[in-house]
Amino acid sequence: MVQNAQLEIACFNPESALIAQEHGADRVELCKGIAVGGTTPDFETVKHIREKLSIDLYVMVRPRGGHFVYTDEEFQQMQADIVALKQLNIDGFVFGILKDDKTINIEQNKMLVDLAKPIPCTFHRAFDEVENAFESLEHIIACGFKTILTSGQTPNVMEGLHRLSELVKAADNRIVIMPGGGLRSGNIEQIQKNTQADFYHSSAITDGSETASPTEVQALKSKLQ
């Protein structure tokens, strides 16, 4: 385990991004579309937040909610979004593409990772829908991703605790396994103790709104070792 594990906050508005920075988060994952689990934010919002943040800013590239199999037109949109977002001085991309059979679409993911270079990429929770987690892990590493965001293939990180631990071991420092999905200050210590992961992901939303709670961000960060 690293000396100090790090915290990423999923943010759906500029206010959350500033709250994340001011209360100890190490990174912001910016998206819109909270109801569908995150989609590509508009570029003006990205530009505005980039100017305000000194911590790392990762941006979701997902043209719509729903499943993670994309049409040719949607894939072209993802490519265009990556090209445009690279001009805004962001620090990372977050996306993931599957095939109809719930395997990793190696060709399309690799194309996007290569297009994003030298900016690192996170494979998001599309991972939680794959049929074979450990085969998929190898494919994602081969595509060039640096991080996988996952709840352990269950609805939340507590249910996925055992699988998360297995994934961290299988990754063997070749890629970061980042637990996320129902992660809160009340369970982060147990998740860290069991998984020994180096990076953790939460929206830090505690009141049913779309905005992170300052006290929750602070509590999450303070409980990481």
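As a reminder, the structure under discussion sits directly above these lines.
Residues numbered from 1 in each chain as written. Predicted model: local features only at pLDDT ≥ 70, side-chain atom pairs only at ≥ 80, totals over all residues. Heavy atoms only, no water.

1. A short note on the packing of aromatic side chains
Right, so step 1: Applying the stated criterion across every chain, the model contains 2 aromatic pairs.
Right, so step 2: Taken together, a centroid distance of 5.2 Å and an interplanar angle of 80 degrees make the contact between Phe123 and Phe145 edge-to-face. Of the two residues, Phe123 sits in strand S5 (residues 121-123) while Phe145 sits in the loop between helix H5 (133-143) and strand S6 (147-150), which places them 22 residues apart along the sequence.
Right, so step 3: For Phe145, a relative accessible area of 3% gives the class buried. (Phe/Tyr/Trp six-rings, centres within 6.5 Å; stacked < 30°, edge-to-face > 60°. Helix = DSSP H or I, 4+ residues; strand = E, 2+ residues; numbered from the N terminus. Buried < 20%, exposed > 50% of the residue type's maximum accessible area, 1.4 Å probe, protein only.)

2. Thoughts on the nonpolar core
Right, so step 1: Ile9, Phe93 and Phe95 are the most contacted members of the largest nonpolar core, which has 62 residues in total.
Right, so step 2: Once you skip the residues sitting within four places of it in the chain, Phe95 turns out to touch Val61, Met78, Ile82, Asn109, Leu112, Val113, Cys121, Thr122, Phe123, His124 and Phe145. (Core = buried A, V, L, I, M, F, W, Y, C linked by side-chain atoms within 4.5 Å. Contact = heavy atoms within 4.5 Å.)

3. Observations regarding the side chain of Asp128
Right, so step 1: Along the polypeptide, Asp128 turns up in the loop between S5 and H5.
Right, so step 2: Side-chain polar atoms of Asp128 contact the backbone nitrogen of Gln153, separated by 2.9 Å.
Right, so step 3: When neighbours within four sequence positions are excluded, Asp128 is seen to be in contact with Thr150, Ser151, Gly152 and Gln153. (Polar contact = N/O pair within 3.5 Å; in protein donor to acceptor, adjacent residues only side chain to side chain.)

4. Some details on the pattern of salt bridges
Right, so step 1: What the rule picks out here adds up to 9 salt bridges.
Right, so step 2: Across the pair Lys221 and Asp26 runs a salt bridge whose closest N-O atoms are separated by 2.7 Å. Highlighted residues: Lys221 in helix H8 (residues 214-223) and Asp26 in the loop between helix H1 (14-22) and strand S2 (27-30), separated in sequence by 195 residues.
Right, so step 3: On the accessibility criterion, Asp26 (22% relative accessible area) is partly exposed.
Right, so step 4: A salt bridge links Arg125 to Asp128; the shortest N-O distance between them is 2.9 Å.
Right, so step 5: The buried category is assigned to Asp128, whose relative accessible area is 14%.
Right, so step 6: Among the charged side chains, a salt-bridge network with shared partners connects Lys110, Asp114 and Lys117. (Salt bridge = Lys/Arg side-chain N within 4 Å of Asp/Glu carboxyl O.)

5. Notes on the sheet that holds strand S4 (residues 92-95)
Right, so step 1: The 8 strands lie next to each other as S7-S6-S5-S4-S3-S2-S1-S8, forming an open sheet whose pairing is parallel. With one partner strand each, in any of the chains shown, strand S7 (176-179) and strand S8 (199-202) form the two edges of the open sheet. Strand-to-strand twist across the sheet, computed as the mean angle between neighbouring axes with direction ignored, equals 25 degrees.
Right, so step 2: As paired elements, S6 and S7 share 4 bridges and run parallel to each other. Following the sheet pairing, Ile148 is matched in S7 by Ile177.
Right, so step 3: Of the strands in this sheet, strand S1 (6-11) and S2 are in contact with H1, which crosses S1 at around 165 degrees. (Pairing = 2+ DSSP bridges. Axes fitted to C-alpha atoms, helices over the stretch in contact; angles between N-to-C directions.)

6. Examining the layout of surface pockets
Right, so step 1: Size it by volume and the largest pocket reaches roughly 410 Å³.
Right, so step 2: Lining the largest pocket we find 20 residues, and of these Gly37, Arg125, Leu149, Gly181 and His201 sit closest to its centre. (1 Å grid on protein atoms, 1.4 Å probe; cavity = no way out; pocket = protein on both sides within 12 Å on 5 of 7 lines; lining within 4 Å. Points joined across faces, edges and corners; volume = space filled by probe spheres on them.)

7. What to know about the pairing of S1
Right, so step 1: By the criterion of burial, S1 is predominantly enclosed, with 5 of the 6 residues buried.
Right, so step 2: Of the strand pairs in this sheet, S1 and S8 are connected by 4 bridges, and their pairing is parallel. Following the sheet pairing, Gln6 is matched in S8 by Phe199.
Right, so step 3: The pairing of S1 with S2 spans 4 bridges and is parallel. Residue pairing in the sheet places Ala10 in a bridge with Glu29 of S2.
Right, so step 4: Taken together, S1, H1 and S2 constitute a β-α-β crossover, and its handedness is right-handed. (Right-handed = clockwise from strand over helix to strand, strands pointing away.)

Spatial relationships are all this shows, so hold off on functional conclusions.
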